[in-house]
Amino acid sequence: MYQAVNSVLEKYDADMGAAEAHGMAVGMLCVELKADAANWLHELFADQNDVFDEDKTLLVDLFERSRELLEPETEEFGFDILLPDDDDTLSDQVEALRVWCQGFLFGVGYAHTDADWPGESAEVMRDLIELTKIDSNVDGEEDEAALIEVHEYVRAAVLIVRDQFVEFKNTKLH
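**With respect to the side chain of R162**
Right, on to step 1. If you trace the backbone, R162 turns up in helix 7 (residues 141-173).
Right, on to step 2. For R162, a relative accessible area of 2% translates into the label buried.
Right, on to step 3. One polar contact links the side chain of R162 to the main-chain carbonyl oxygen of L70, over a distance of 3.1 Å.
Right, on to step 4. At a separation of 2.6 Å, a polar atom in the side chain of R162 contacts the side chain of D163.

**Observations regarding helix 2 (residues 18-31)**
Because the α-helix completes a turn every 3.6 residues, residues three or four places apart line up on one side.
Right, on to step 1. For helix 2, with 14 residues, the first-to-last C-alpha span of 20 Å sits near the 20 Å given by 1.5 Å per residue.
Right, on to step 2. Helix 2 sits mainly inside the fold: 14 of its 14 residues count as buried.

**What about unusual backbone geometry?**
Right, on to step 1. Positive phi values are uncommon outside glycine, yet D13 reaches one of about 55°.
Right, on to step 2. Tracing the backbone through its elements, the reader meets D13 in the loop between helix 1 (2-11) and helix 2.
Right, on to step 3. On the accessibility criterion, D13 (65% relative accessible area) is exposed.

**Re the environment of F52**
Right, on to step 1. Here F52 lies in the loop between helix 3 (37-44) and helix 4 (53-70).
Right, on to step 2. With near-sequence residues (within four places) excluded, F52 lies in contact with K11 and Y12.

**A word on a negative patch on the surface**
Right, on to step 1. On the surface, D85, D86, D87, E141 and E144 cluster together into a negatively charged patch.
Right, on to step 2. By the secondary structure assignment, E141 is in helix 7.
Right, on to step 3. For E141, a relative accessible area of 72% translates into the label exposed.

**Details of the packing of aromatic side chains**
Right, on to step 1. Enumeration according to the criterion identifies 5 aromatic pairs in this entry.
Right, on to step 2. Note on W100 and F104: the rings are 5.4 Å apart at their centroids and 10° apart in plane angle, and the pair reads as stacked. Note that W100 and F104 are positioned in helix 5 (residues 90-111) at a spacing of 4 residues, about one turn of the helix. Note on accessibility: W100 and F104 belong to one class, buried.
Right, on to step 3. Note on F106 and Y110: the rings are 6.2 Å apart at their centroids and 35° apart in plane angle, and the pair reads as tilted. Taken together, the residues span about one helical turn, with F106 and Y110 both in helix 5 at a distance of 4 residues.
Right, on to step 4. Residue Y110 is classed as partly exposed on the basis of its relative accessible area of 33%.
Right, on to step 5. Counting every residue linked through ring pairs, the aromatic cluster contains Y12, F45 and F52.

Reading the values: the criteria
- Residues numbered from 1 in each chain as written.
- Predicted model: local features only at pLDDT ≥ 70, side-chain atom pairs only at ≥ 80, totals over all residues.
- Heavy atoms only, no water.
- Helix = DSSP H or I, 4+ residues; strand = E, 2+ residues; numbered from the N terminus.
- Buried < 20%, exposed > 50% of the residue type's maximum accessible area, 1.4 Å probe, protein only.
- Polar contact = N/O pair within 3.5 Å; in protein donor to acceptor, adjacent residues only side chain to side chain.
- Expected span 1.5 Å × (residues − 1).
- Contact = heavy atoms within 4.5 Å.
- Patch = residues over 30% accessible without salt bridge, like charges linked within 9 Å, V, L, I, M, F, W, Y side chains within 5 Å.
- Areas by Shrake-Rupley, 256 points an atom, 1.4 Å probe, with all protein chains shown as cover.
- Salt bridge = Lys/Arg side-chain N within 4 Å of Asp/Glu carboxyl O.
- Lys, Arg positive; Asp, Glu negative; His and termini not counted.
- Charge placed at Lys NZ, Arg CZ, Asp CG, Glu CD.
- Phe/Tyr/Trp six-rings, centres within 6.5 Å; stacked < 30°, edge-to-face > 60°.

Set out below in structure tokens:
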């Protein structure tokens, strides 16, 4: 899926790759599960009208699948962040994780313009900001183990942010 999404984004000269685009989608969805895929596509492409329907469909499917996996009732272990395969170099994987975090932060900021961050989400966001500064010049088993750890942390962080916003919205409604 990563390569297919990346190819579509490259084909239309999008300003970002698959990891960052997915991060943005997930950030938008964590704040507002009803977020519109059209807004996301608008951020990806200057002119969506030039994007072929089958390419749009692939991207919208990724967005909608992410929405499903972020539903609070969904089995949480199903959600994962979109990164290159283990076949890619460790540096490429770390760089993809770095830009995924950038995309996520943008997506959350896009959907949540309020200065108040519910619950633990402010702390999590600070951690993710720090992860946008990681050095992707890595190699070796120790760095590989660290990547796995950070990947799991980011996955959990996304679910924390989602839960905090769900709770925040429910509190505002009552």
